[in-house]
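Chain by chain, the residues run as shown.
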Amino acid sequence: MSKDAVHTTAQADSRNAAAGTPADAGDAGYSKDLKARHVNMIAIGGAIGTGLFLGAGGRLHHAGPALALAYLVCGVFAFFVVRALGELVLYRPSSGSFVSYAREFLGEKGAYVAGWMYFLNWSTTGIADITAIALYTHYWSMFTSIPQWVLALVALAVVLAVNLISVKIFGEMEFWFAIIKVATLVSFMFVGIFLLATQHEVGGQKPGLSVITDHGGVFPHGLMPVVLVMQGVIFAYAALELVGVAAGETAEPEKVVPRAVNSIMWRVGLFYVGSVVLLALLLPGSVYSADQSPFVTVLSKIGIPAAGDVMNLVVLTAAMSSLNSGLYSTGRILRSMATAGSAPKFTARMNRSQVPYGGILLTCAVCVLGVGLNYLVPSQAFEIVLNVASLGIISTWVIIMVCHLVFVRRARAGLVTRPHFRLRFSPVTEIATIAFLLVCLGMMWNDPEVGRKTLLLIPVIALLLLGGWFGVRRRVSRNTDTELTQLTK
């Protein structure tokens with residue numbers, strides 16, 4: 001029997017003896033200061049970001065109105081992932097989230113890969129975020145004389161300070177960031193519906209179905225452009241898994257998590273699909289562009305003053321929110337890994353406010369490299385890191401679904417008990433989701449400029465992970481032996 005198998009058996013015995021599930025060692029010491037409103041807004045904030053506020057413009061240009069269908073399809077699979085994670089959270093809430101579940105169901109190697117790929121995702125996303133913040137700040141003339149790398153460094157310092165104070169401050173910051181994003185979207189949708197209802201001209205033509213039918217229909221450029229934007233749309237939903245991490249620091253996860261997870265589906269339908277449909281009905285896809293928010297495009301066409309300033313502020317908020325969430329989640333994930341021995345020891349350290357500052361500082365250290373990237377190649381920094389981050393998020397979602405498959409299998413064998421809140425139609429749902437995510441990854445090959453080069457990084461990342469595992473495996477083995485001794489006493 002392997003050590004991982006013995007570990008699982010010991011955990012099961014301990015669980016039966018204690019009449020409860022074993023806690024991840026990395027969960028000790030956290031406060032439970034996140035309220036229901038914080039977790040709900042973290043879920044919303046994860047579902048609404050720069051992928052919609054900025055990225056939808058270029059995607060509408062290339063895919064046309066069918067982009068709404070792409071958002072819907074990707075949204076359904078994203079919901080499956082979060083629903084699976086939600087079930088695992090109710091089985092055993094953990095700030096280590098899917099890394100903790102990977103440790104239990106896939107062994108230490110699975111947890112090691114899950115954790116470091118997630119770190120890759122958020123550390124590179126953090127670089128993209130500070131780059132975006134610097135670019136958006138340059139929109140205002142008073143900041144144009146300040147170098148991009150300086151603005152990036154200031155943004156990183158501000159968000160780092162907020163994260164290190166306390167989890168409650170993080171929750172409050174995310175709450176208000178999400179409020180701003182939701183209020184902006186709702187306001188725009190009211191404006192869009194008013195324009196449709198009154199047939200007010202937008203850019204010299206009346207809005208409605210004729211805007212779609214007169215410009216090539218739902219698929220103006222065929223089906224392939226819609227398929228190709230799927231990978232970018234998947235990235236737009238990145239951060240939904242934050243619900244699982246946040247659940248470890250809320251007092252009543254069994255009440256909060258199901259509500260937050262279930263609400264994701266209608267939010268996706270309303271905010272993503274609804275707003276894209278509205279945008280398609282107001283202006284032809286060819287009018288939108290990748291370098292301007294589609295909402296700014298519409299508002300500027302109807303002559304609303306300061307539309308660009310308002311939307312730029314909102315997109316800036318979305319980027320700050322993403323950076324804030326990235327530092328929060330990687331700090332918790334790295335602490336879970338450090339207690340198992342697969343991350344540096346200092347990432348397990350917590351400050352007086354019960355914040356795992358070691359992991360947060362490590363993520364910041366990588367983001368500082370991003371500040372250097374902004375200094376060396378300011379025009380290319382954003383695209384370089386965004387594609388690398390997509391490798392991390394797809395691998396994270398695949399690992400969550402694999403963990404759920406093993407969890408359900410063990411439940412059917414009577415080793416664990418599934419909560420009432422469940423992902424339906426297992427194993428079909430998990431297999432279909434994994435297949436979809438891998439197809440999206442493979443489609444990056446059709447982009448020779450960036451996507452293909454990103455895929456060629458996979459062997460490099462695999463070698464780095466392999467080398468890293470040989471570096472930490474003895475420490476992991478020692479920690480596992482210590483935990484086994486404690487569990488079997």
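Residues numbered from 1 in each chain as written. Predicted model: local features only at pLDDT ≥ 70, side-chain atom pairs only at ≥ 80, totals over all residues. Heavy atoms only, no water.

### Structural notes on the overall build of the protein
The secondary structure content of the protein amounts to 20 helices and 0 strands. Of the contacts made within the protein by residues no fewer than 6 positions apart, 80% connect residues no fewer than 24 positions apart. Surface summary for the protein: the accessible area is close to 19600 Å², and the carbon and sulfur share equals 66%. (Helix = DSSP H or I, 4+ residues; strand = E, 2+ residues; numbered from the N terminus. Contact = heavy atoms within 4.5 Å. Areas by Shrake-Rupley, 256 points an atom, 1.4 Å probe, with all protein chains shown as cover.)

### Points about the packing of helix α6 (residues 97-137) against helix α7 (residues 148-165)
When two helices pack together, their arrangement is captured by the angle between the axes and the distance separating the axes. Put simply, α6 and α7 touch, their axes get as near as 8 Å, and they point 120° apart. In terms of orientation, α6 lies oblique with respect to α7. When you trace α6 past α7, the crossing you get is right-handed. Only Q148, L151, A152, A155 and L156 of α7 make contact with α6, whose side of the interface consists of I130, T131, I133, A134, L135 and T137. (Axes fitted to C-alpha atoms, helices over the stretch in contact; angles between N-to-C directions. Parallel < 35°, antiparallel > 145°, perpendicular 65-115°, else oblique. Left-handed = near helix turned anticlockwise from the far one by under 90°.)

### A word on the side chain of S390
Within the secondary structure layout, S390 lies in helix α17 (residues 381-412). Overall, S390 belongs to the buried group, its relative accessible area being 2%. Not counting residues within four places of it along the chain, the set of residues in contact with S390 comprises Q231, F235 and M444. (Buried < 20%, exposed > 50% of the residue type's maximum accessible area, 1.4 Å probe, protein only.)

### Focus on the nonpolar core
Among the nonpolar cores identified, the biggest contains 158 residues, and F53, L67, Y71, Y237 and W397 are the most heavily contacted of them. The dominant element in this core, judged by the number of residues it contributes, is α6, at 20 residues. Not counting residues within four places of it along the chain, the set of residues in contact with Y71 comprises G51, L52, A56, R59, V233, A236, Y237, V268, Y272, V273 and V276. (Core = buried A, V, L, I, M, F, W, Y, C linked by side-chain atoms within 4.5 Å.)

### Side note on unusual backbone geometry
The residue after S426, namely P427, is reached through a cis peptide bond having omega 5°. Residue placement: P427 occurs in the loop between α17 and α18 (428-442). If you check the backbone angles, Q354 has positive phi at about 65° while not being a glycine. Its place among the elements puts Q354 in the loop between α15 (307-340) and α16 (357-376). The backbone phi angle of F425 is positive, close to 60°, even though this residue is not glycine. Counting through the fold element by element, F425 comes out in the loop between α17 and α18.

### What to know about the environment of P344
Residue placement: P344 occurs in the loop between α15 and α16. Given the relative accessible area of 29%, P344 is considered partly exposed. As a C-alpha pair, P344 and G358 span 14 residues in sequence and 9.0 Å in three-dimensional space.

### Regarding the environment of P253
Inspection of the secondary structure puts P253 in helix α13 (residues 253-282). Considering only alpha carbons, one finds P253 and V39, 214 residues apart in sequence, at a separation of 9.4 Å. Dropping the residues within four chain positions of it, P253 is found in contact with L90, P93, A247 and P258.

### Points about the confidence of the model for the protein
For the protein, the average pLDDT comes to 83, and 89% of its residues sit at 70 or higher. Within the protein, the element-level pLDDT minimum falls on helix α1 (residues 3-18), averaging 43, and the maximum on α18, averaging 94. With pLDDT under 50 throughout, residues 1-22 is counted as low confidence; its partners more than four residues away or in other chains account for 34 contacts. (pLDDT = per-residue confidence, 0-100.)

### Regarding the pattern of salt bridges
By the definition in use, this model includes 4 salt bridges. Notably, a salt bridge pairs E108 with R103, separated by 3.1 Å at the nearest N-O pair. Across the pair K255 and E252 runs a salt bridge whose closest N-O atoms are separated by 3.4 Å. By relative accessible area, which is 46% here, K255 ends up partly exposed. (Salt bridge = Lys/Arg side-chain N within 4 Å of Asp/Glu carboxyl O.)

### Topic: a nonpolar patch on the surface
Side chains of L69, L72, V218, F219 and L223 sit close together on the surface and give an oily, nonpolar patch of about 430 Å² of accessible area. Within the secondary structure, L72 is located in helix α5 (residues 67-91). Overall, L72 belongs to the partly exposed group, its relative accessible area being 37%. (Patch = residues over 30% accessible without salt bridge, like charges linked within 9 Å, V, L, I, M, F, W, Y side chains within 5 Å.)

### Quick word on a positive patch on the surface
A grouping of K109, K345, R473, R474 and R478 is seen on the molecular surface, where their side chains present a positively charged patch. The leading source of residues in the positive patch is helix α20 (residues 458-488), at 3 residues. By the element assignment, R478 lies in helix α20. (Lys, Arg positive; Asp, Glu negative; His and termini not counted. Charge placed at Lys NZ, Arg CZ, Asp CG, Glu CD.)

### A short note on the packing of helix α8 (residues 167-198) against helix α14 (residues 294-301)
α14 packs onto α8 with a crossing angle of 40° between their chain directions and a minimal axis gap of 12 Å. The pairing of α8 with α14 is recorded here as oblique in orientation. With respect to the hand of their crossing, α8 and α14 are arranged in left-handed fashion. Across the interface between the two elements, L185, F188 and V191 from α8 touch F295, V298 and L299 from α14. Looking at the contact of α8 with α14 residue by residue, the class counts come to 6 nonpolar, no polar and no charged. (Nonpolar A, V, L, I, M, F, W, Y, C, P; charged D, E, K, R; others polar.)

### Structural notes on α8
Over its 32 residues, α8 extends 46 Å from the first C-alpha to the last, a length consistent with the 46 Å expected when each residue adds 1.5 Å. Of the residues one or two after α8, Q199 is the one with positive phi, at around 55°. (Expected span 1.5 Å × (residues − 1).)

### Some remarks on the packing of aromatic side chains
Tallied over the entire structure, the rule returns 17 aromatic pairs. Seen in terms of ring centroids, Y71 and Y237 are 6.3 Å apart; in terms of plane orientation they differ by 90°. Their pairing is edge-to-face. With Y71 in helix α5 and Y237 in the loop between α11 (230-236) and α12 (242-246), this residue pair connects regions lying 166 residues apart in the sequence. Considering the side-chain rings of Y237 and Y272, the 4.8 Å spacing of their centres and the 50° angle between planes classify their relative orientation as tilted. With Y237 in the loop between α11 and α12 and Y272 in helix α13, this residue pair connects regions lying 35 residues apart in the sequence. Grouping residues by exposure puts Y237 and Y272 together as buried. (Phe/Tyr/Trp six-rings, centres within 6.5 Å; stacked < 30°, edge-to-face > 60°.)

### What to know about the state of the cysteines
According to the stated counting rule, one finds 0 disulfides in the structure shown. Looking at the unpaired C74, the closest cysteine sulfur is the one in C440, lying at 5.3 Å. Among the residues examined, C74 registers a relative accessible area of 0% and is labelled buried. (Disulfide = S-S within 2.5 Å.)

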